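Overview (structure and organization)
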Amino acid sequence: RHVFNLSAVARTPKFSRRVLGIVANDWQLSPIIRARSAQFFSVTTGVDNALTGQPTQVPNLVGDPYPKDQHIRNWIAASAFLAPAPGTYGNHGLFNMKGPKVFQFDVALSRSFVIRENQQLQLRGEAFNVLNHVNFNNPVSTLNSGTFGQIQSAGEPRIMQFALKYLF
């Protein structure tokens, strides 16, 4: 329900002293921060209970879907759902289950070196998920799956890349 996105660009000032200017001029820092309080997903039956041929049919909600000891192997409780009677739809809505939180911090650091009037050499480094924070994906949410309610994957780990670019 809560989403926070921040992106910024900060540049170093132009220094008048020659040695300091050579080392510190023209650097650019660009952080991006993304945070979400939850990722929403749907619980589906996995079978065609309504006999319509549509794959995303929902079950009936009969209890609290979030267990008291919630963790990645027990994110949602199968006992809170029942398959609807043949020829009917379930009462549970789509995309109303809350998955894990997400926090991502990416940053880029770059510097341009002027070669001639219309030519530059740009050195760039980028890091995605700088803090190497685990961002779990949503759990298996098909009711007839043997791994229902379990989180089995996560987002990308820290990834870094470097580039050297000639602009003309």
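Just above sits the structure.
Residues numbered from 1 in each chain as written. Predicted model: local features only at pLDDT ≥ 70, side-chain atom pairs only at ≥ 80, totals over all residues. Heavy atoms only, no water.

**Side note on the side chain of Asn-25**
Here is the rule we go by: Note on conventions: DSSP H or I runs of at least 4 residues are helices, E runs of at least 2 residues are strands, and numbering of each starts at the N terminus. Note on definitions: a residue-residue contact is assigned when non-hydrogen atoms from the two residues lie within 4.5 Å.
Counting through the fold element by element, Asn-25 comes out in the loop between helix H1 (18-24) and strand S3 (27-36). Those residues in contact with Asn-25, other than ones at most four positions away along the chain, are Thr-12, Pro-13, Lys-14, Phe-15, Leu-20 and Arg-111.

**Here's the deal with the nonpolar core**
The following threshold applies: By nonpolar core is meant a set of buried Ala, Val, Leu, Ile, Met, Phe, Trp, Tyr and Cys residues that side-chain atoms within 4.5 Å join together. Only protein chains enter the accessibility calculation, which uses a 1.4 Å probe. A residue is then buried if its area is under 20% of the maximum for its type, exposed if over 50%, and partly exposed in between.
Within the largest apolar cluster, 10 residues are counted, these being Phe-41, Val-43, Trp-75, Ile-76, Ala-80, Phe-81, Met-97, Leu-143, Phe-148 and Ile-151. If we skip the residues at most four places from it in the chain, Ile-151 touches Ile-72, Arg-73, Trp-75, Pro-100, Phe-136, Asn-137, Asn-138 and Pro-139.

**Side note on the packing of aromatic side chains**
Inclusion rule: Here a pair means two rings of Phe, Tyr or Trp (six-membered ring of Trp) with centres within 6.5 Å. Their orientation is stacked below 30 degrees between planes, edge-to-face above 60, and tilted elsewhere.
Summed over all chains, the structure comprises two aromatic pairs. With 6.0 Å between their ring centres and 80 degrees between their planes, Phe-81 and Phe-148 make a pair best called edge-to-face. Within this pair, whereas Phe-81 is found in strand S6 (residues 81-82), its partner Phe-148 is found in the loop between strand S9 (119-128) and strand S10 (159-167), the two being separated by 67 residues in sequence. We classify Phe-81 as buried; its relative accessible area is 4%. We classify Phe-148 as buried; its relative accessible area is 10%.

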